[in-house]
Structure formats: structure tokens, C-alpha cells
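Below, each chain spelled out in residue letters.
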Amino acid sequence: MVEYLVIGFIIFGLIVGISVFFLAKKIFTSDANAIIGQAKAKAQAIEYEAQNLLKNGQFKIKEIELELENKHKEETLKVIKEYEHKLSVLQTKEDKMVQKIAREIQFIEEEKQKISDLKNKLLIEQQSQSKLHRQYQEAKEKALNILVEYTRYTKEEAKSLLLKYLEDELMIQKSNMIRRYEHQAREEAMKKANYIIAQATTRFAGEFANERLINVVTLPNDELKGRIIGKEGRNIKTLETISGVDVIIDDTPGTIILSSFNLYRRAIATRTVELLVEDGRIQPSRIEEVYAKVSSEMEEQILQDGENIVLDMGLGYMHPELKKLIGKMKYRASFGQNALGHSIEVANLAGIISGELGGDEKLARRAGLLHDIGKALTQESGGNHVSLGMEICKRYKEHPVVINAIMSHHGDEEIASIEAAAVCTADALSAGRPGARREVLESFLKRMQDLERIAMEKIGVKQAYALNSGKEIRVIVRADLVDDAQSVVLARDIAQEIENTLQYPGEIKVNVIRESRAVEFAK
């Protein structure tokens, strides 16, 4: 019985084991299929995502390529435009240079032709002179023989007499020839000078700076006037004492006036008042503090201005003290014309003129800039600006041409170089042009009246007019009292009296006109 039970349990165990095996195998198979399905799904998802990433990458690559292509086109277009612009500029410069060279070649050819003509003329003159010399020797020998034959003179005495007569005749011919060639040389020199001056004035147009004797400071409100005056006038007295400037406060709304002939002091005082007005604290100690600060800043500013001017004009090394004086000329005026503006204008004109004459343009500009350097010292040191400028330039080892230009531009020394002559000419151009300098109206009118009075006092003068801002006096004389020769003498007498009695810038042209009229009526 037991055996049957054991066998039954064994059979049951086998059946259960087999069932469990098949059941486990089925479960494992289904799980494996599920895992494989999930893996395939994940693989498909990864593949899809990879394809998307690939497409996006390709799209971005195309965008980058397109952007780079557009940028390349823009850069290429920019480079082409810049190249075309530079090419246009170079072409313009080349055309100008070609035109200039063509003009110079034409001028040289004309000069060569003139020289050739003069050479031919000289050869002809030499041949003519040789022929005349032979004729002269023959005539002299013949005249000697006649004198010896028909007079009591010996041959030596007759020769001396004849030579004296011929010497007088030749002296007259020589003087006539000299006058003719002098006239021709003067005309040629005048043409050349006019050409050079025209070139200089057309190639440079400087700014005009007219200086006044007052500066006007605008105030936010009229209450500040009382604060500027201060208690019992202490503030305004302090400001006037330390600055040397007259402070004028009147009924004009919102403004005060600073008056002084010294532009430098006036500029410092103006800046001081502006800072005090901005700050609002106006009292004697504060005024002194602000004034000291502005003075220090002004010293630095004028040195910087001088350095910038020297650098802009390409003048090379210059002593710092000279640069400082150049900057200080900005605050100096002569006849209402700013000294620094005048000096810069003279420097540019002198450089152009010197270049036309074959001189050193850079040295001429340097001399032109420094020719009035003494004016920066005259208000403090006194004396003649020519002497002061010469001393300061010698002290700092400036070029002898610069010193000669300083001394010669007012006639204190003879002109010794092309550059100095260019500076003198440029100085006359800058100072003499209409409107560059202004005078007090009363003195100007008095000078005009004196010019006309001097002319009208002469015998035979009918009318006299001062023209061209006093640069010319036109005198009309009576033809029945003054002949042509006397007109020349009269012009010289009037010019001499003007030189001796009047003071004026530049020169005055005396133009004497003699006109004879015959009037008759047909009835």
C-alpha cells in the first residue's frame, strides 16, 4: 500500500514538475517576447530620434552655410566698395598729380623756350655788338685820321677827344638799356609774385577770429548777482583783485560782463565765475580756491593746445616752453585779430609760398608759426615783440632762418632766405586782407580824413578820395596847373608826407590822375 502511495506521489510530483516546467517555459517565453517587443520599440524610437537629430543637424548646417555665404557676400561687397572708393581717391589724386606735373612741365617748357629765345637773342646781340665794335673801330680810326689831318691835334690828343665824346654817347645808350631791362625784369617779377600769391591764397582758407574786450556770462537767475557782489561787495572785490578783470553788473537780466584788454586773464575769470555759479558757494575763500584751480588747468590747457598745433602742422620737436607760448597766443590779439589764428594762417601761407619758390615748406611753416611768438610775452614783460621773440627763440636753439624771419617781418633785419621772404609776404597777406583787423571807428575815420587833407593841401589838386579802407588815396589834379612830370613828383610828395605824418598798417597807394577834356557843342 505504501508503495502505491510512494508511486502515486512520485507520479504526482512528476506531473506537477512537468506542469510547472511547461508553465514556467510559457511565462518565460511571453516575458521574453514582451522584452523583445519593448526593445524593438525603444530601438525604433531611438532610430526615429536619431533621424530627427540628423535632419535638424542638416537643417542647421544649411542655415549656417547660408549665413556664412551671406556674410561672405556682404564682406566681399564691402571690400569691393572700399576698394572702389580707395581706387577712386587714388585716381583723383593721380589725376591731380598728373595735371600738376603737366602744368609744371608746361611751365618748364615755357621757361626753356624763354631761355632759348634769350640765348638766341643774346647771340644776335653779341654778333651785333661785334659788328658794331668793328664799325666803331673803323669809324674811330677814320675820325682820328680826319682830326689829325684837319686840326693841330696830335694823334693822341685827337684820340682822347674822340673817346670822351664816344664815352658820353655810350653812357646815354647804356642808361637807356639798363632802364629797359630793369622794366622787363620788374614786370616778370611782378607776374611771378602775383602767381605765387594767387596759388597760396586759393589753396588755403583760414578761419577768421575777431576778439572783443568783454566776455558775457549768463546767469540762471538774477538772485545770483547779489551773491556775486556779496556782503558789502566783498565777493566782487575779491574776484577783481585776484583776476585783474573788471566785473560789470548792471540791470541787464541774467548776465554779467567781464572786461579786460588781457584775453588770458579774462578767460580765467570767465571760467572761474561759471564754476562758482554752477557750484553755488560764492565767498572770498571759495573764489580764491576756484581761481587757483582754473589757473592751474589753464596752464595745462595752453601747453596741450600748443602741442596739438605743432603736431597737426608736422613741425617735429619743439621746446615745451615754446609750445606753451604758442598756446598762450590764443589769448592775445593785435588790432582785433587773434594772434594764434594769425600765426597759423601765416604758417600755412608761408609753407605754400616757400614750396612754390623751391624753399623748405616745413621750415617756412615753423618760422611762420613762431614769427609773432613775442606777442605772448609783451603784456607781462613789455617791450617789442620782435626782440622778445628773437631772444626766446635763440634761448631754445631755434633755426637761424626762424630767427631771421622774426627779425625781418617788421624790417628790423634784411631777409636772408626764401623761407623768411615767404613769412614776410604771408604776414602782409594775413594782416592786410579786408576785415582781418579792425580799428576804433574814430581813429579809422581820422586817418581817412588826414589822408584826404594831405592830398588836398597840395597845389593843383582838384579832388582827393581815400578808398579801399585807407589802402589807396586817389588824387585828381587840374590839367591846366599840373603836367605829367609834375604829377609824378606830386605823387611822391604826397606819399612822403603820409609816411612822415601818419601811422598805418601795410602800405598806401597814392594814385594821381591827370585828365584833360575838350568840350564843344554842335548847334
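A. A look at the overall build of the protein. For the protein, the count of helices and strands is 15 helices and eight strands. In the protein, 59% of the contacts between residues at least 6 apart in sequence involve partners at least 24 apart. Only carbon and sulfur atoms are counted for the fraction: they give 57% of the accessible area of the protein, which is about 35700 Å².

B. Structural context of the packing of helix H4 (residues 234–243) against helix H6 (residues 284–312). At a minimum axis separation of 9 Å, H4 and H6 run at an interaxial angle of 30°. When the axis of H4 is compared with that of H6, the two are roughly parallel. Seen along the crossing, H4 lies across H6 with a hand that is right-handed. The segment H4 lies against H6, with Arg234, Asn235, Thr238, Leu239, Ile242 and Ser243 engaging Pro284, Ile287, Glu288 and Tyr291. For the contact of H4 with H6, the class distribution of residues is five nonpolar, three polar and two charged.

C. Local environment of the side chain of Thr270. With respect to the helices and strands, the residue Thr270 is situated in helix H5 (residues 263–279). The contact partners of Thr270, leaving out residues within four places of it in the chain, are Asn215, Val217 and Leu258.

D. Structural detail: a nonpolar patch on the surface. On the surface, a cluster of nonpolar side chains totalling about 270 Å² of accessible area is made up of Ile7, Ile11 and Ile15. Looking at the secondary structure, you find Ile15 in helix H1 (residues 2–150).

E. Seen up close, the sheet that holds strand E2 (residues 246–248). Here three strands make up an open sheet; going across it, the order is E1-E3-E2 and the pairing antiparallel. Only two strands of the sheet have a single neighbouring strand rather than two, namely strand E1 (214–218) and E2. Along the sheet, successive strands turn relative to each other by an average axial angle of 25°, direction set aside. As paired elements, E1 and strand E3 (residues 255–259) share five bridges and run antiparallel to each other. When the sheet's bridge partners are listed, Thr218 is paired in E3 with Thr255.

F. Structural view of the pattern of salt bridges. Scanning all chains against the criterion turns up 15 salt bridges. Between Asp372 and Lys375 there is a salt bridge, and its shortest N-O distance comes to 3.3 Å. As far as burial versus exposure is concerned, Asp372 and Lys375 are alike and both buried.

G. Highlighting helix H11 (residues 385–395). Burial in H11 covers these residues: His385, Val386, Leu388, Gly389, Met390, Ile392 and Cys393. Two residues or fewer after H11 comes Lys397, characterised by a positive phi angle close to 60°.

H. Representation of the side chain of Glu398. Along the chain, Glu398 turns up in the loop between H11 and helix H12 (400–408). For Glu398, the contacting residues outside a window of four places in its chain are Met318, Leu322, Arg366, Leu370, Cys393 and Ile403.

I. Structural context of unusual backbone geometry. For Glu232, which is not a glycine, the phi torsion comes out positive at approximately 55°. Within the secondary structure, Glu232 sits in the loop between helix H3 (223–229) and H4. The residue Lys397 is not glycine, and still its phi comes out positive at about 60°. Relative to the helices and strands, Lys397 is located in the loop between H11 and H12. A residue is classified by how much of its surface remains accessible, and Lys397, at 70% relative accessible area, is exposed.

J. View of the pairing of E3. Buried residues dominate E3, accounting for five of its five residues. The alternating pattern of E3 places Thr255, Ile257 and Ser259 and Ile256 and Leu258 on opposite faces, both of which are buried. The pairing of E2 with E3 spans three bridges and is antiparallel. Within E3, the residue paired with Ile248 across the bridge is Ile257. Following E2, the chain reverses through six residues before pairing antiparallel with E3; Gly254 in that reversal takes a positive phi of roughly 75°.

K. Expanded view of the nonpolar core. If you look at the biggest cluster of nonpolar residues, it comprises 37 residues, and the most contacted ones within it are Met318, Ile326, Leu369, Leu370, Ile373 and Cys393. For this core, the elements supplying multiple residues, two or more each, are H6, helix H7 (320–328), helix H8 (339–356), helix H9 (361–370), H11, H12 and helix H13 (418–432). Each residue touching Ile373, except ones within four places of it in the same chain, is listed here: Leu322, Leu325, Ile326, Met329, Gly389, Ile392 and Cys393. Residues Leu263, Val277, Met298 and Ile302 belong to the second largest nonpolar core, which totals 28 residues.

L. Local environment of the packing of H11 against H12. Axis separation between H11 and H12 bottoms out at 9 Å; the angle between their running directions is 170°. It follows from the interaxial angle that H11 and H12 lie roughly antiparallel. When H11 is examined against H12, the residues Val386, Gly389, Met390, Cys393 and Lys394 are found in contact with a partner set consisting of Ile403, Ile406 and Met407. The residue makeup of the contact of H11 with H12, split by class, is six nonpolar, one polar and one charged.

M. Main features of H12. Of all nine residues that make up H12, eight are buried, and the element is covered over most of its length. Val401, Val402, Ile403, Asn404, Ala405, Ile406, Met407 and Ser408 are the residues of H12 that are buried.

N. Here's a closer look at the environment of Gly470. The topology assignment puts Gly470 in the loop between strand E6 (461–467) and strand E7 (472–478). For Gly470, a relative accessible area of 1% translates into the label buried. In this structure, the C-alpha to C-alpha distance between Gly470 and Glu452, residues 18 residues apart in sequence, is 9.9 Å. Apart from the residues lying within four places of it in its own chain, the contact partners of Gly470 are Arg447, Met448, Leu451 and Ile508.

Rules and cut-offs
- Residues numbered from 1 in each chain as written.
- Predicted model: local features only at pLDDT ≥ 70, side-chain atom pairs only at ≥ 80, totals over all residues.
- Heavy atoms only, no water.
- Helix = DSSP H or I, 4+ residues; strand = E, 2+ residues; numbered from the N terminus.
- Contact = heavy atoms within 4.5 Å.
- Areas by Shrake-Rupley, 256 points an atom, 1.4 Å probe, with all protein chains shown as cover.
- Axes fitted to C-alpha atoms, helices over the stretch in contact; angles between N-to-C directions.
- Parallel < 35°, antiparallel > 145°, perpendicular 65-115°, else oblique.
- Left-handed = near helix turned anticlockwise from the far one by under 90°.
- Nonpolar A, V, L, I, M, F, W, Y, C, P; charged D, E, K, R; others polar.
- Patch = residues over 30% accessible without salt bridge, like charges linked within 9 Å, V, L, I, M, F, W, Y side chains within 5 Å.
- Salt bridge = Lys/Arg side-chain N within 4 Å of Asp/Glu carboxyl O.
- Pairing = 2+ DSSP bridges.
- Buried < 20%, exposed > 50% of the residue type's maximum accessible area, 1.4 Å probe, protein only.
- Core = buried A, V, L, I, M, F, W, Y, C linked by side-chain atoms within 4.5 Å.

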